[in-house]
Amino acid sequence: MSDEPEEEDEVPEGTAVFPEIPEELGIHPLFLAMLHAYVFLDGSDTSVVNGEASSEAMEYMALYLQRLNGEELHRTKEDIDTLVGYAKEEKWPKQYVVFLKSFLADNGVGEPGSSDSTPDEE
């Protein structure tokens, strides 16, 4: 054992972290995991995440999101609606709400040429 005080692991400044989402909301855990990774890759400073690597990973994430269709896409849209409601209720910063509302469209989900077979329910 060392006599030196233990340093706590701290999240580096410039790291983008999305707020924790309570299990009670019923959001699909894999979607939440992807959403948190997306926020980290997209929002963290280049001192934390390599920009080129981040962009490439996010391109693949968008590609995979575009594969959502039918019930999976419907579920994801419901999950986002639930998250938007929760974010408003918890008074999250407006940019978080805007991010959630535009998330699927920003990633090419539901646009012409995507595999969206569920009509928009907005």
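Above: the structure in question.
Residues numbered from 1 in each chain as written. Predicted model: local features only at pLDDT ≥ 70, side-chain atom pairs only at ≥ 80, totals over all residues. Heavy atoms only, no water.

Participant: Explanation requested: the nonpolar core in the structure shown.
Facilitator: Soluble globular proteins tend to pack their nonpolar side chains together in the buried interior. With 28 residues, the main nonpolar core has Phe31, Leu83, Leu100 and Phe103 as its most contacted residues. Looking at which element gives the most residues to this core, the answer is helix α1 (residues 29-43), with seven residues. Setting aside residues up to four positions removed in sequence, Leu100 forms contacts with Phe18, Leu35, Ile80, Leu83, Val84, Ala87 and Trp92. (Core = buried A, V, L, I, M, F, W, Y, C linked by side-chain atoms within 4.5 Å. Buried < 20%, exposed > 50% of the residue type's maximum accessible area, 1.4 Å probe, protein only. Helix = DSSP H or I, 4+ residues; strand = E, 2+ residues; numbered from the N terminus. Contact = heavy atoms within 4.5 Å.)

Participant: What exactly am I supposed to notice about the pattern of salt bridges here?
Facilitator: Between side chains of opposite charge, pairing is possible as soon as their charged atoms come close. In the structure shown here, the tally under the stated rule is one salt bridge. One salt bridge connects Asp79 with Arg75, and the closest N-O pair in it is separated by 3.2 Å. Separated by four residues within a single helix, Asp79 and Arg75 lie in helix α3 (residues 70-89), roughly one turn from each other. A residue is classified by how much of its surface remains accessible, and Asp79, at 5% relative accessible area, is buried. Arg75 gets classed as partly exposed once you look at its relative accessible area, which sits at 29%. (Salt bridge = Lys/Arg side-chain N within 4 Å of Asp/Glu carboxyl O.)

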